[in-house]
Amino acid sequence: MYKCAICFEPIRTNINTVGIQCERCGSKIFYKERPNVKKLVKAR
Ligand SMILES: [Zn+2]
């Protein structure tokens, strides 16, 4: 799963497609969503 780096819209299009853009804001910057990120917000 990838998300737009600008508006965090989930990207459903194949990320390997050439010229992919965010459907909401047109951004071409994306990041790969990782389950490990949740550890950063883990509170005790
Ligand atoms: Zn976007």
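Everything here concerns the structure above.
A. Looking closely at the coordination of the zinc ion. Every protein donor of the zinc ion is listed here as Cys4 (SG), Cys7 (SG), Cys22 (SG) and Cys25 (SG), and their distances to the metal cover 2.3 Å. Classification of the site at the zinc ion rests on its four donor atoms, whose angles at the metal span 105 to 114°, yielding the label tetrahedral. On the primary sequence, the residues serving as donors to the zinc ion are separated as C-x2-C-x14-C-x2-C. Of this pair, Cys7 sits in the loop between strand S1 (2-4) and strand S2 (10-11) while Cys22 sits in the loop between S2 and strand S3 (30-32), and the two are 15 residues apart along the sequence.

B. Region of the structure containing the environment of Cys4. Inspection of the secondary structure assignment puts Cys4 in strand S1. Sequence spacing of Cys4 and Ile29 is 25 residues, and the spatial spacing of their C-alpha atoms is 6.1 Å. When near neighbours in sequence (up to four residues on either side) are disregarded, Cys4 contacts Glu9, Ile11, Cys22, Cys25, Ser27, Ile29, Phe30 and Tyr31.

Conventions and cut-offs
Residues numbered from 1 in each chain as written. Predicted model: local features only at pLDDT ≥ 70, side-chain atom pairs only at ≥ 80, totals over all residues. Heavy atoms only, no water. Donors = N, O, S within 2.8 Å, 3.2 Å for Na, K, Ca; no water. Tetrahedral: all angles 85-135°; square planar, octahedral: opposite > 155°, others 65-115°. Helix = DSSP H or I, 4+ residues; strand = E, 2+ residues; numbered from the N terminus. Contact = heavy atoms within 4.5 Å.

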